[in-house]
Amino acid sequence: MGIISRGFGGRRRESVPGLPPGQYLTHDFPVLSAGPTPRIPLDRWRFTVTTETGEKTSWDWKEFQALPAEDVTVDIHCVTKWSKLGTTWRGVSIETLLENVDTVAEYSMVHSFGGYTTNVPLEDLLDGKAWIAYQFDGEDLHPEHGGPARLLIPHLYFWKSAKWVNGLQLMPEDEPGFWEAAGYHMYGDPWREQRYQGD
Amino acid sequence: MTSTPLDGSSTAGGGLPLDGNAMAGDLREIFAVDVTAARYVCAGCTHTDAVGTLMVWPHSPGLVARCPHCSDVVIRVVRAPGRVFLDLRGSVRLEVPLEGG
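Criteria and thresholds
Residues numbered from 1 in each chain as written. Chains lettered and ligands numbered in written order. Predicted model: local features only at pLDDT ≥ 70, side-chain atom pairs only at ≥ 80, totals over all residues. Heavy atoms only, no water. Helix = DSSP H or I, 4+ residues; strand = E, 2+ residues; numbered from the N terminus. Rg over C-alpha atoms; globule rule 2.2 N^0.38 Å. Buried < 20%, exposed > 50% of the residue type's maximum accessible area, 1.4 Å probe, protein only. Contact = heavy atoms within 4.5 Å. Areas by Shrake-Rupley, 256 points an atom, 1.4 Å probe, with all protein chains shown as cover. UniProt positions renumbered as here; feature names shortened; annotations may be inferred. Phe/Tyr/Trp six-rings, centres within 6.5 Å; stacked < 30°, edge-to-face > 60°. Lys NZ or Arg CZ within 6 Å of the ring centre and 35° of its normal. pLDDT = per-residue confidence, 0-100. Pairing = 2+ DSSP bridges. Axes fitted to C-alpha atoms, helices over the stretch in contact; angles between N-to-C directions. Buried area = accessible area lost by both parts, 1.4 Å probe. Salt bridge = Lys/Arg side-chain N within 4 Å of Asp/Glu carboxyl O. Polar contact = N/O pair within 3.5 Å; in protein donor to acceptor, adjacent residues only side chain to side chain.

Asks: Honestly, the overall build of chain A in this entry has me stumped. Any pointers?
Replies: Each helix and strand counted, chain A has two helices and 11 strands in total. Compactness check: chain A gives a C-alpha radius of gyration of 17 Å against a globular reference of 16 Å for 199 residues, within 12% of the reference. Once the C-alpha set of chain A is aligned to its principal axes, its extents read approximately 65 × 40 × 35 Å. Among the 199 residues that make up chain A, the fraction classed as buried is 52%.

Structure follows, in structure tokens:
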């Protein structure tokens, strides 16, 4: 051990390397929820991609599990200012889901069981930047954290990583989702501190 | 005015809602009257009652107040530095009692 202790930084709310501006480090996994936690039986789970022309492609749980999955380790940043580094997930990339979907849409709306929505530009979902995750830290995703499956889009504030997802609607124009319509930023880049409208 | 968990248990962990009085502080900053005493009409099911009876989820990026009858969102309150966003699209109207009225 060195003479100079690095100290225990987890309790200090100050700038830590690797954190976007205004964020503090947490080792917990806080639960934020805008409503009751839906319990979705796997035999009733379905994820549907709807294009701008109304064409639908969907997977039930068994079909979804048969898709090629990836293990990813990413940092996550909540707009309420906590960040959690090095989180491990397993899921299916959005690129995989859209492989055979014909679209020229530039935007998307993510839909969830329970009615939650959030908008994401389509290019932010591609190139290994977003997944439908169904495991966290080696275990099935708990309903409180969005299980059976949630969106994982770690380069945007975590409200964009919608819990309990059941669909992706592709859109020619951008539209606000649940929090974006109520004052939060349309894009939500944590490195540019895009928390609220006008930031 | 105090707010209470709707089922009488702890809200630690963010899973359970509070009653609508949890919004009293934020709404008092916006309105000159006590809005928790106002009557809302839910846009989803037309249920009407005092704002203080709504189910409020406080552990999210904002306050989310849902109708206890149909669970649709009636009011959303988002606090930003120096401003408050109030989204009332889930309420057909608010009937606000006035002092001396």
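Asks: Hey, could you run me through the overall build of chain B in this one?
Replies: Each helix and strand counted, chain B has one helix and eight strands in total. Moving toward the C terminus, one meets the helices and strands of chain B in the order β-α-β-β-β-β-β-β-β. Taken across its 101 residues, chain B has 43% of its residues classed as buried. Within chain B, contacts between residues separated by at least 24 positions form 44% of all contacts whose residues are at least 6 apart in sequence. Split by element, the accessible area of chain B, about 5100 Å² in all, is 53% carbon and sulfur.

Asks: Sorry if this is basic, but what is going on with the UniProt feature "domain: Oxidoreductase molybdopterin-binding" (unreviewed entry) in chain A here?
Replies: The positions that UniProt labels "domain: Oxidoreductase molybdopterin-binding" (unreviewed entry) are, in the present scheme, residues 35-179 of chain A. End C-alpha atoms of residues 35-179 of chain A are separated by 13 Å, and the span's content is 6% helix alongside 41% strand.

Asks: Honestly, the packing of aromatic side chains in this entry has me stumped. Any pointers?
Replies: Aromatic rings considered in pairs are described by the distance between their centres and by the relative angle of their planes. On inspection of all chains with the given rule, the structure shows 19 aromatic pairs over all chains. Ring centres of W89(A) and F136(A) lie 4.9 Å apart, and the angle between their planes is 55 degrees; this geometry places the pair in the tilted category. On the criterion of sequence distance, the pair formed by W89(A) in strand β5 (residues 82-93) and F136(A) in strand β8 (residues 131-136) is long-range, its members being 47 residues apart. The class of W89(A) is buried, set by a relative accessible area of 3%. Measuring from ring centre to ring centre gives 5.0 Å for F178(A) and W179(A), while their planes differ by 90 degrees; the resulting arrangement is edge-to-face. This pair shows no difference in class: F178(A) is buried, exactly as W179(A) is. These aromatic residues form a ring-pair network of at least three members: Y116(A), Y157(A), W159(A), F178(A), W179(A), Y184(A) and Y196(A). Over the face of the ring belonging to F178(A) we find R76(B), whose NZ or CZ atom lies 4.5 Å from the ring centre.

Asks: Help me understand the confidence of the model for chain B in this model?
Replies: Atom-level detail of predicted coordinates should not be read off regions where pLDDT is low. Across chain B, pLDDT averages 86, with 85% of residues at or above 70. Counting contacts from residues 8-12 of chain B, a segment whose pLDDT is below 50, to residues more than four positions away or on other chains yields seven contacts.

Asks: How should I be thinking about the sheet that holds strand β3 (residues 56-60) of chain A in this particular structure?
Replies: Within a sheet, neighbouring strands are paired by backbone hydrogen bonds and run either parallel or antiparallel to one another. Residues and elements named next belong to chain A. Pairing is mixed across the open sheet formed by five strands, whose spatial order is β3-β2-β11-β6-β7. Looking at strand neighbours, the two that pair on one side only are β3 and β7 (117-121), the edges of this open sheet. On average, each strand axis in the sheet is tilted by 15 degrees relative to the strand beside it, whichever way the strands run. Two strands pair when backbone bridges link them, and strand β2 (residues 46-50) and strand β11 (residues 165-171) are joined in this way by three bridges, in the parallel orientation. Within the sheet, the bridge partner assigned to T50 lies in β11 and is Q169.

Asks: Honestly, the sheet that holds strand β3 (residues 48-50) of chain B in this entry has me stumped. Any pointers?
Replies: Residue and element names in this part refer to chain B. Strand order in this open sheet of three strands is β3-β2-β8, and the pairing throughout is antiparallel. Every other strand in the sheet has two partners, leaving β3 and β8 (91-95) as the edge strands with one partner each. If you compare each strand with its neighbour and ignore which way they point, the axes differ by 25 degrees on average. Taken together, the four bridges between strand β2 (residues 39-42) and β8 define a ladder with antiparallel strand orientation.

Asks: Explanation requested: unusual backbone geometry in the structure shown.
Replies: Residues and elements named next belong to chain A. Across the junction of G147 and P148, the peptide omega takes the value 15 degrees, indicating a cis bond. Within the fold, P148 resides in the loop between β9 (139-140) and β10 (150-152). Phi is positive for D127, which is not a glycine, with a value near 55 degrees. Note on placement: D127 falls in the loop between β7 and β8. In this model, W164 sits at a positive phi of 55 degrees, which is unusual for a non-glycine residue. Mapped onto the secondary structure, W164 falls in the loop between β10 and β11. You can call W164 buried: its relative accessible area is 9%.

Asks: Is there a simple way to explain the interface of chain B and chain A in this structure?
Replies: Much of the literature gives interface size as the accessible area that the parts lose upon coming together. Contact residues are listed per partner, giving 19 residues for chain B and 18 residues for chain A. Note on chain B versus chain A: buried area summed over both sides is about 1600 Å², and carbon and sulfur give 61% of it. Here chain B is connected to chain A by one salt bridge. Inspection of the chain B/chain A interface yields eight residue pairs in polar contact (both at pLDDT 80 or more). Looking at the side of chain B that touches chain A, the elements that each hand over two or more residues are β5 (63-66), β6 (73-80) and β7 (83-87) of chain B.

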